[in-house]
Amino acid sequence: MARTFEELAAEAESVSVEGWDFSWLDGRATEQRPSWGYQRMMGERMARASAALDVQTGGGEVLAGVPKLPRLVAATESWPPNVAKATRLLHPRGVVVVADQDEPPLPFADEAFDLVVSRHPVTVWWEDIARVLRPGGTYFSQQVGPASVFELVEYFLGPQPEEVRRKRHPDDACRAAEAAGLEIVDLRSESLRSEGPFVAHTTRFLIEARCRP
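Residues numbered from 1 in each chain as written. Predicted model: local features only at pLDDT ≥ 70, side-chain atom pairs only at ≥ 80, totals over all residues. Heavy atoms only, no water.

Peer 1: Can you walk me through the overall build of the protein in this structure?
Peer 2: Within the protein one finds eight helices and eight strands. The C-alpha atoms of the protein give 18 Å as radius of gyration, which agrees with the globular expectation for 213 residues (17 Å, within 12%). Taking the principal axes of its C-alpha atoms as reference, the protein extends roughly 60 × 40 × 30 Å. Each of the 213 residues in the protein was classed as buried or not, and the buried ones make up 39%. Carbon and sulfur atoms provide 55% of the accessible area of the protein, an area that totals close to 11600 Å². A gap of 6 Å separates the mean positions of the 24 positive and 32 negative side-chain charges of the protein. (Helix = DSSP H or I, 4+ residues; strand = E, 2+ residues; numbered from the N terminus. Rg over C-alpha atoms; globule rule 2.2 N^0.38 Å. Buried < 20%, exposed > 50% of the residue type's maximum accessible area, 1.4 Å probe, protein only. Areas by Shrake-Rupley, 256 points an atom, 1.4 Å probe, with all protein chains shown as cover. Lys, Arg positive; Asp, Glu negative; His and termini not counted. Charge placed at Lys NZ, Arg CZ, Asp CG, Glu CD.)

As structure tokens, this is what we get:
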């Protein structure tokens, strides 16, 4: 028997999503992954870094999957359940997890890191990222792009204005990064099929910017 919307909403409210774990949807929804392989690419950069920062680490799962970490690694996270989970997961690997409210300034000194990474950040404070990067250092991030899953959004909310559809546009990210003094060295964007009883398309973009020497 089909379940009502109210029953499905109640289930969603009751499950734990620590570490952004949506495994309770296994078998009910699928989502394509970007072709570039963010974790692999991040791991390659981590292996070459001496000091790295993972901003908005979530439960630390992506960082924990990196084969070789730099000698010094820190991670920030704002949601208390994720802070606790990331601490349990990352401390054994020597990563310092810092509770941070995701607002500037980052709790680190100027030019503290030669690599800053972030997967699906809620906000990006470009000037502060540039501040904590050493000259020649790199910011590497996979982000949610514009109009992500808007088939579903507009099904419930109706057509959205262009300024709403354009939010999180990679062109805007590039302009903000360059205004903060960073140089864009790579930018990629993909539309990815997400499917359950409803078919939608997520968008993701990969951005890499270097702090000018």
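Peer 1: I keep staring at the packing of aromatic side chains and nothing clicks. Help me out?
Peer 2: The way to describe two aromatic rings as a pair is by their centre distance and the angle between their planes. Scanning all chains against the criterion turns up five aromatic pairs. Judged by centre distance (5.3 Å) and plane angle (5 degrees), the ring pair of Tyr38 and Phe140 falls under stacked. Highlighted residues: Tyr38 in helix H2 (residues 38-48) and Phe140 in strand S6 (residues 133-144), separated in sequence by 102 residues. For Tyr38, a relative accessible area of 5% translates into the label buried. Overall, the relative accessible area of 0% leaves Phe140 in the buried class. Each member of the aromatic cluster is reached from another via a ring pair, and the members are Tyr155, Phe156 and Phe198. The ring of Phe140 has Arg45 lying over it, and the distance from NZ or CZ to the ring centre is 4.3 Å. (Phe/Tyr/Trp six-rings, centres within 6.5 Å; stacked < 30°, edge-to-face > 60°. Lys NZ or Arg CZ within 6 Å of the ring centre and 35° of its normal.)

Peer 1: It is not clear to me how H2 should be interpreted in this structure. Could you clarify?
Peer 2: Among the residues of H2, those classed as buried are Tyr38, Met41, Met42, Gly43, Arg45 and Met46. Tucked inside the fold, the buried residues of H2 contact strand S2 (51-54), helix H3 (61-64), strand S5 (113-119), S6, strand S7 (182-195) and strand S8 (199-211). (Contact = heavy atoms within 4.5 Å.)

Peer 1: Help me understand the state of the cysteines in this model?
Peer 2: Two cysteines, two sulfur atoms, one covalent bond between them: this is a disulfide. Throughout the structure, instances matching the rule amount to zero disulfides. Cys211 provides the cysteine sulfur closest to Cys174, a residue in no disulfide bond, and the two sulfurs are 16 Å apart. Residue classification places Cys174 among the buried positions, given a relative accessible area of 11%. (Disulfide = S-S within 2.5 Å.)

Peer 1: Would you mind showing me how to read the pairing of strand S4 (residues 96-99) here?
Peer 2: Across a regular strand the side chains alternate sides, sitting on one face of the sheet and then on the other. In the sheet, strand S3 (residues 72-77) pairs with S4 via four bridges, with the strands oriented parallel. If you follow Glu77 over to S4, its bridge partner there is Ala99. Since S3 and S4 lie parallel, the crossover through helix H4 (residues 80-90) that links them has a hand, and here it is right-handed. (Pairing = 2+ DSSP bridges. Right-handed = clockwise from strand over helix to strand, strands pointing away.)

Peer 1: Sorry, what's going on with the side chain of Thr76 here?
Peer 2: Tracing the sequence through the fold places Thr76 in strand S3. Using a relative accessible area of 0% as the deciding quantity, one classes Thr76 as buried. When neighbours within four sequence positions are excluded, Thr76 is seen to be in contact with Leu53, Asp54, Val55, Gln56, Thr57, Val98, Asp100 and Phe108.

Peer 1: Explain a nonpolar patch on the surface to me, please; I cannot follow it from the model alone.
Peer 2: On the surface, Phe5, Leu152, Tyr155, Phe156, Leu157 and Phe198 cluster together to form a nonpolar patch covering roughly 690 Å² of accessible area. Examining the composition of the nonpolar patch, we find that four residues originate from one element, helix H6 (residues 150-157), more than from any other. Tracing the sequence through the fold places Phe156 in helix H6. (Patch = residues over 30% accessible without salt bridge, like charges linked within 9 Å, V, L, I, M, F, W, Y side chains within 5 Å. Salt bridge = Lys/Arg side-chain N within 4 Å of Asp/Glu carboxyl O.)

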